[in-house]
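# Inside the fold
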Amino acid sequence: MNAVAEIARLKKERHAVILAHNYQLPEVQDIADYTGDSLGLSLEAAKTKAEVIIFCGVYFMAETAKIISPEKTVVIPDPTAGCPMADMVSAAQLRELKARHPQAKVVCYVNTTAEVKAECDVCCTSANAVLILKKLKKEAAEIIFVPDKYLAGYAAQKAGCAVIPWPGYCPTHARILPEHIVKLKQERPMAKVIVHPECNGLVVALADAALSTAGMIKYASENDAEEFIVATETGMLHGLRKACPRKRFYPVSEEIVCPNMKKTTLEKVLRALQTLEFQVELPGEIINRARLPIQRMMDWTKKND
Ligand code: 13P
Ligand code: SF4
């Protein structure tokens, strides 16, 4: 039996669901029950009836699924798949910043460790950061935003408020430069430019839309344009081309690859189903504290849908 057929068989036997992020390898996206952005994956983890979640993404995403569904077995096929941006702020560093701004409310981007989430008031993803800030600014004189300085700047400007940013960033998105967009736009003047808000503000300023990864698929599906310049990780191209087979998508550069997102292979997914390794485990106290900002994000996002 080949890997794909064996994965399908074992998935049933284990009562498992496979969740995959939009940057995963095409063959991994294709065997997933659900492929999406960080927000969609969290919502899916919250509502699934499966006993086991095989999470194809990076560690903070699997951790978020565990925090939302602690009674479930959450398995990450390669536990070394981390997110360098999430590791740019520690709980101790955040506590120090909070001590200097005792009145401030704290927003954590979902790209954070569980320990950091446990220190925060509300979580956000790239899909709802503007909405979360618009809501929070009504009740907070000061807002700390960790760890992505680019998403912080973009969301604060859109929400019309100031934030105290942490100097973190995504090393993959930071490699996308305004020159990439300008050059491609000269070659494809009719193309719409879609960017991820983890990009530098100078890149976002050149975009027709700044969107989460799932937002990009929705935008491309609904927009009349036939060509799109895509400023994000190249894994995104697979989902866009699948959703819109007649449209054309141009990556800003084939080199914009998140190495951690590419660590999960079909073989590792199969092994994860066979062995139920590697399970995400977190102390109960961290789960309880980290669940609050995630739950608040979900509640605020639902009410504004
Ligand atoms: P999305 O939530 O938009 O999928 O982004 C997650 C991420 O890590 C982007 O680098
Ligand atoms: Fe983290 Fe950037 Fe990779 Fe997303 S693309 S998982 S932010 S390193």
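Let us look at the structure shown here.

Criteria and cut-off values
- Chains are numbered independently. Their residues run from 1 in the order of the written sequence.
- A letter from A marks each chain and a number from 1 marks each ligand, given out in the order of writing.
- Residue-level local features of this predicted model are given only where pLDDT is at least 70; pairs of side-chain atoms are given and counted only at 80 or more, and the full residue set underlies all totals for whole chains, interfaces and linings.
- Based on all heavy atoms of the structure, the side-chain values leave hydrogens and waters out of the count.
- Throughout, near means a residue has at least one heavy atom within 4 Å of the molecule or strand.
- Two N or O atoms form a polar contact when they lie within 3.5 Å of each other; inside protein one atom must be a possible hydrogen donor and the other a possible acceptor, and for residues adjacent in sequence the pair counts only when both atoms belong to side chains.
- We get accessible surface area from the Shrake-Rupley algorithm with a probe of 1.4 Å; when it comes to residues, only the shown protein chains can shield them.
- Cavities and pockets are found on a 1 Å grid laid over the protein atoms alone: a cavity is a set of points where a 1.4 Å probe fits but cannot escape, a pocket is an open set with protein on both sides within 12 Å along at least five of seven lines, and a lining residue has an atom within 4 Å of such a point.
- Should more than half of a molecule's atoms lie within 2 Å of a pocket's or cavity's grid points, that molecule is taken to sit in it.
- The residue classification treats Ala, Val, Leu, Ile, Met, Phe, Trp, Tyr, Cys and Pro as nonpolar and Asp, Glu, Lys and Arg as charged. All others, Gly included, are polar.
- To sort residues, take the accessible area from a 1.4 Å probe on protein chains only and compare it with the maximum for the residue type: under 20% means buried, over 50% means exposed, and anything in between is partly exposed.
- Put simply, DSSP marks the helices as runs of H or I at least four residues long and the strands as runs of E at least two long, and each gets a number from the N terminus on.
- Throughout, the arc means that of the directions going from the helix axis to the C-beta atoms.
- What makes two residues a contact is simply this: any of their non-hydrogen atoms within 4.5 Å.
- One bridge is not enough; two strands pair if DSSP finds at least two bridges between them.

### Details of the site of ligand 1
Residues in close proximity to ligand 1 include His21, Tyr23, Asp37, Ser38, Asn111, Ser126, His173, His196, Glu198, Ser212 and Thr213, which together make up its full environment. In this structure, an oxygen atom belonging to ligand 1 sits 2.8 Å away from a side-chain N or O atom of glutamate 198. When ligand 1 sits alone it has 310 Å² of accessible area, and the protein chains cover 96% of it. Its atoms largely coinciding with the cavity grid, ligand 1 occupies the second largest pocket. Of the residues belonging to the shell around ligand 1, the class tally is one nonpolar, eight polar and two charged.

### Quick word on helix H13 (residues 266–275)
Within the span of H13, buried status applies to Leu266, Val269, Leu270, Ala272 and Leu273. One side of H13 carries all its buried residues, which in axial view fall inside an arc of 160°. Residues of H13 that are buried sit in contact with helix H1 (3–13), strand S1 (16–21), helix H2 (26–31), strand S3 (52–56) and strand S4 (73–75).

### Some thoughts on the sheet that holds strand S11 (residues 227–231)
One open sheet accounts for four strands, arranged S10-S9-S11-S12; its pairing is parallel. Each edge of the open sheet is held by one strand with a lone partner, namely strand S10 (209–210) and strand S12 (248–251). Where S11 lies against S12, four bridges are found, and the strand directions are parallel. Of the residues in S12, the one forming a bridge with phenylalanine 228 is phenylalanine 249.

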